[in-house]
Amino acid sequence: MTPRADLLHIAVVEDNDTLRDLLFSYLDQPDRRVFQADCGESLNGLLAHHRLDIVIMDLNLPHEDGLSIARRLRKSHPDTKIVMLTARVRPSDRTDGYDAGADVYLTKPTNISELEAVIRNLTGRSRDLARTAGYRLSRKSQILTAPDQQQVLLTLGESIILEQLALAPEQGLDAEFLLAQMRRHDTAPTSRENLAVAISRLRKKLETQLEAAPRIETVRNFGYRLSTPLTLL
């Protein structure tokens with residue numbers, strides 16, 4: 001049995017009882033201890049008695065907004081990872097989330113495999129800081145940093161493409177799923193053809209500005225795959 005000290009402690013902060021219970025059932029695994037809270041006050045009670053590695057929270061919470069909770073949590077528990085899971089989909093909402101201290105900003109409805117990929121990415125990064133020597137994408141500033149420290153400023157759409165590919169299982173995504181993620185953030189493109197053009201331009205941009213660019217492969221009859229490891233910040 002996994003020693004208690006090695007358990008991953010996750011808190012789900014969601015005021016919708018059905019969704020909170022559903023997330024709990026998905027996330028509850030032998031190597032984890034998952035807690036539930038329905039507001040900031042309940043989360044405070046958990047923090048008083050437990051070490052939390054990851055907090056997954058909605059933003060529309062009673063009494064205290066999720067953005068306010070995140071700001072407070074970032075100051076009081078800087079090592080705790082914050083995943084915002086919300087129905088707020090505007091680009092400005094996403095920016096506000098990262099400004100408040102989110103490590104990852106996801107919009108509802110979220111595929112559980114995507115959430116699991118986020119958890120693997122966050123816990124892997126916290127356990128193995130050596131990975132930061134590779135490619136790194138800051139989603140807040142939309143800056144991609146190469147291993148040699150060269151940097152490229154990305155558009156929101158370009159940042160979302162790399163982020164979604166990095167989070168995907170084996171870093172590969174169906175084209176339609178990638179399109180859906182971009183539409184949720186009000187970013188072009190809106191068709192497979194436009195997506196192909198956007199990715200072609202992104203490849204050219206990276207190849208022009210970096211001596212060694214991360215590779216985005218086209219997978220026939222499927223979509224795209226990022227063949228270069230990428231750490232999300």
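So, here is what we can say about the structure in this document. (Residues numbered from 1 in each chain as written. Predicted model: local features only at pLDDT ≥ 70, side-chain atom pairs only at ≥ 80, totals over all residues. Heavy atoms only, no water.)

**Focus on the overall build of the chain**
- What the chain contains, in helices and strands, is 8 helices and 12 strands.
- For the chain, the proportion of its 233 residues judged to be buried stands at 48%.
- Long-range pairs, those at least 24 residues apart, make up 58% of the contacts in the chain with a sequence separation of at least 6.
- For the chain, the accessible area works out to roughly 11300 Å², and carbon and sulfur atoms hold 51% of it. (Helix = DSSP H or I, 4+ residues; strand = E, 2+ residues; numbered from the N terminus. Buried < 20%, exposed > 50% of the residue type's maximum accessible area, 1.4 Å probe, protein only. Contact = heavy atoms within 4.5 Å. Areas by Shrake-Rupley, 256 points an atom, 1.4 Å probe, with all protein chains shown as cover.)

**Some points on the sheet that holds strand β5 (residues 104-107)**
- Read across the sheet, 5 strands follow the order β2-β1-β3-β4-β5 without closing on themselves; strand pairing throughout is parallel. A single partner strand is all that each edge strand has here, and the edge strands are β2 (32-37) and β5. For this sheet, the mean inter-axis angle between neighbouring strands, taken without regard to orientation, is 20 degrees.
- In the sheet, strand β4 (residues 81-86) pairs with β5 via 4 bridges, with the strands oriented parallel. (Pairing = 2+ DSSP bridges. Axes fitted to C-alpha atoms, helices over the stretch in contact; angles between N-to-C directions.)

**Quick look at the pairing of strand β10 (residues 216-219)**
- Sheet topology places β10 next to strand β11 (residues 223-226); 4 bridges connect them, and they run antiparallel. Across the sheet, residue Glu217 finds its bridge partner in β11, namely Arg225.

**Some details on the environment of Leu233**
- Along the chain, the position of Leu233 falls in the segment after β12 (230-232).
- For Leu233, a relative accessible area of 37% corresponds to the partly exposed category.
- Put simply, Leu233 and Asp103 are 130 residues apart on the chain and 6.6 Å apart in space, counted from C-alpha to C-alpha.

**Some points on the pattern of salt bridges**
- Overall, the coordinates contain 13 salt bridges when judged by the stated rule.
- Residue Lys108 pairs with Asp58 through a salt bridge whose shortest N-O separation is 3.6 Å. Within this pair, whereas Lys108 is found in the loop between β5 and α5 (112-127), its partner Asp58 is found in the loop between β3 (54-57) and α3 (66-76), the two being separated by 50 residues in sequence.
- The class for Lys108 is partly exposed, based on a relative accessible area of 25%.
- We classify Asp58 as buried; its relative accessible area is 5%.
- Residue Glu217 is joined to Arg215 by a salt bridge in which the shortest nitrogen-to-oxygen separation is 3.5 Å.
- Residue classification places Arg215 among the exposed residues on the basis of a relative accessible area of 52%.
- Ionic contacts of the salt-bridge type, sharing partners, join the residues Glu14, Asp58 and Lys108 into one network. (Salt bridge = Lys/Arg side-chain N within 4 Å of Asp/Glu carboxyl O.)

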